[in-house]
Amino acid sequence: MADLTVSVATRPEFGDYQCNYAMTLAKRLGRNPREIAGDVISNARLDDVASSLEIAGPGFINIRLNDDWCIKMATTLASDPNLGVPLTGAGRTVVIDYSSPNVAKPMHIGHIRSTIIGNALDRLYRFLGYRVISDNHLGDWGTQFGILIMGYRNFLDPKALDDDPVAELERVYVKSYAKSEEDPEWLAKCRRELVKLQEGDPENLEMWRKFITLSMDEFQRIYDRLNVRFDLTRGESHYHQMLPDVIDRLIKQGLARESEGALVVFLDEEKLPPCIVRKSDGAFNYATTDIATVLSRISEFNPDRIIYVTDERQQLHFKQVFAICRKLGCKARMEHVWFGLMRLPEGTFSTRQGNVIKLERLLDEAESRALAIVRQNSPDMPPERQKEIAKAVGIGAVKYADLSQNPQTTVVFTWEKALSLEGNSGPYLQYAYARIASVRDKYAERFPNRDLQSFPIRITEPVERTLILALLRFPDAVLNAAHQHKPSILADYLYELSQIYSTFYQNVPFLKAEEGVRESRVRLCGMVANVLGKGLNLLGIQTPERI
Ligand code: ARG
């Protein structure tokens, strides 16, 4: 049987929803599609759902929904704490690996996007009822630590370390790395320090711990500002003792073999290049750690799926790792969510050091620009409150600028667009939310002690119907955003909803409407506010009651 899909009609004259089932079926059955559509219509029992079913064009079925049914559905949606979104993840577990910056290096733009997109997926999956285990897979192990230890011992500027620890760590690393490239003796020393660390030398271990603490302090400040929390922060180091076992398993199962001194898994069947799991000098690499990580997560959490969020440059790496894990018998669904780079036009940020954007400075700037907007909009608000709201608006603007784009395209960030109050931006939607929510307050002021919920929703104008239909699409937007790993689907939906609301608001009276119609409209308003607020919250964006 062909899949029966019903999609939102592309034009109002095609009804509310359209179905091309008859056409798909016609091909299989070798019958006339219009005839099949006729059969479908005469046999469909949709009396209370649809007010009309029509054959259109070559065999489309145009569906117009019944007003009463729409009202009933919208009322049900509004009284459901999950706003009509089905708990498709109940009883299921997903591990989401995101952010994952590297110790002793500032977060680069890729980690920032991973943090923002990963956190939106984290929230979406939780909302769908999944048990989510979010894991920040820090880069805290590997050959770079020998180089870093040598750099730290020999080139450190203690004052610079105080001022900006991660930048200073990176500086001494870069310097030591450059020396290791031209001075074989230095390189040998770096290797020795690495071996000492791996063997548990107390002094090197202490230094290594210090690198982690200093880096985590900086990362944590950013997570706090972005309102991002992880269930686990297990770095690569957590798995390093398991690596020899992974190698054993790969050899025993006949998957890995020696090639030019290295141990390699060939992936010809998968049409992928071979993957080195142990280098010729005996060191394990990034892939080995990731295989161990999958095995460990499976035995500990028994997840149904594992999702990784990184930039596009790691596509091959994850294809190889997933292929090897499948060969080892892993059944969990493994998915790599990758995104393109974000382009930053020259002069976007007031503070840049070399090519590294200090994320903290970016967030500072977002907040100070947002403060100017809040001061202009609400000059009478106490300054402390203005600052608080500016934080929510500034951070929301940065997040939305990222989340509203298809992740797999190159995003160009500009302040004008991110902070625009007219276009598709975070502040625009936050502002829309605040205005919508205020209608309820105004109503309560003018008509105190009325039980709004006891007045039924009514459709008296076409725009009310359009708004109700838009509300009913919220569950689909959430499901599609989560399942396609594209928060932008939800962002697009929220923007569209806010635009339909704005037509509604501009074209019909609210508080001045007659009793009954008035209450219905105020209730609709409340439903839009709830959906918009929930939707923004799923994107990790706060919704202040005033801006
Ligand atoms: N630390 C890595 C990087 O900065 C990202 C890690 C992603 N997660 C993973 N399990 N490999 O490129």
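Fair warning: this is a prediction, and the values are worked out from it, not measured in the lab.

K.L.:
I'd like a rundown of the state of the cysteines, residues and numbers included.
P.N.:
Two cysteines joined by a covalent bond between their sulfur atoms form a disulfide. This model, assessed by the stated rule, comprises zero disulfides. The closest cysteine sulfur to the non-disulfide-bonded Cys-275 is located on Cys-325, 9.9 Å from its own sulfur. Left unpaired, Cys-325 is separated from the closest cysteine sulfur, that of Cys-330, by 4.6 Å.

K.L.:
Lay out the site of the ligand in plain terms, naming residues and giving numbers.
P.N.:
Around the ligand, the surrounding shell consists of Asp-97, Ser-100, Asn-102, His-111, His-137, Tyr-286, Asp-290, Tyr-308, Thr-310, Gln-314 and Phe-318. Here His-111 contributes a side-chain N or O atom positioned 2.7 Å from an oxygen atom of the ligand. Residue Asp-290 places a side-chain N or O atom 2.7 Å away from a nitrogen atom belonging to the ligand. If the ligand stood free it would expose 350 Å²; the protein chains cover 90% of that surface. At the level of secondary structure, the elements contributing two or more residues to the shell around the ligand comprise helix H11 (286-301) and strand S10 (305-311). Here the residues of the shell around the ligand sort into three nonpolar, six polar and two charged.

K.L.:
Would you mind going over the side chain of Glu-168 in detail, with residue names and values included?
P.N.:
Within the fold, Glu-168 resides in helix H7 (residues 165-182). Every residue in contact with Glu-168, bar those within four places of it in the chain, is listed here: Phe-155, Leu-156, Asp-157, Ala-160 and Leu-161.

K.L.:
Can you tell me about the pattern of salt bridges, naming the residues and giving the values?
P.N.:
For the structure on display, the rule yields 35 salt bridges. Across the salt bridge formed by Arg-297 and Asp-97, the nearest N and O atoms sit 3.0 Å from each other. A residue pair is termed long-range when its members are at least 10 positions apart, and Arg-297 in helix H11 and Asp-97 in strand S5 (residues 93-97) qualify at 200 residues. Pair check on accessibility: Arg-297 and Asp-97 agree, each one buried. Measuring nitrogen to oxygen at the nearest pair gives 3.1 Å for the salt bridge that ties Arg-369 to Glu-365. Here Arg-369 pairs with Glu-365, and both are found in helix H13 (residues 359-377), just four residues apart, close to one helical turn. Using a relative accessible area of 34% as the deciding quantity, one classes Arg-369 as partly exposed. Relative accessible area serves as the criterion here: at 12%, Glu-365 is assigned to the buried category. Overlapping salt bridges bring together Arg-153, Glu-193, Lys-196 and Glu-203 as one network.

K.L.:
Can you tell me about the packing of helix H4 (residues 109-127) against helix H20 (residues 517-538), naming the residues and giving the values?
P.N.:
H20 packs onto H4 with a crossing angle of 125° between their chain directions and a minimal axis gap of 8 Å. With respect to their mutual orientation, H4 and H20 come out oblique. The segment H4 lies against H20, with Ala-120, Arg-123, Leu-124 and Phe-127 engaging Lys-534, Asn-537 and Leu-538. When its residues are assigned to classes, the contact of H4 with H20 shows four nonpolar, one polar and two charged.

What counts, and at which threshold
- Residues numbered from 1 in each chain as written.
- Predicted model: local features only at pLDDT ≥ 70, side-chain atom pairs only at ≥ 80, totals over all residues.
- Heavy atoms only, no water.
- Disulfide = S-S within 2.5 Å.
- Near = heavy atom within 4 Å.
- Polar contact = N/O pair within 3.5 Å; in protein donor to acceptor, adjacent residues only side chain to side chain.
- Areas by Shrake-Rupley, 256 points an atom, 1.4 Å probe, with all protein chains shown as cover.
- Helix = DSSP H or I, 4+ residues; strand = E, 2+ residues; numbered from the N terminus.
- Nonpolar A, V, L, I, M, F, W, Y, C, P; charged D, E, K, R; others polar.
- Contact = heavy atoms within 4.5 Å.
- Salt bridge = Lys/Arg side-chain N within 4 Å of Asp/Glu carboxyl O.
- Buried < 20%, exposed > 50% of the residue type's maximum accessible area, 1.4 Å probe, protein only.
- Axes fitted to C-alpha atoms, helices over the stretch in contact; angles between N-to-C directions.
- Parallel < 35°, antiparallel > 145°, perpendicular 65-115°, else oblique.

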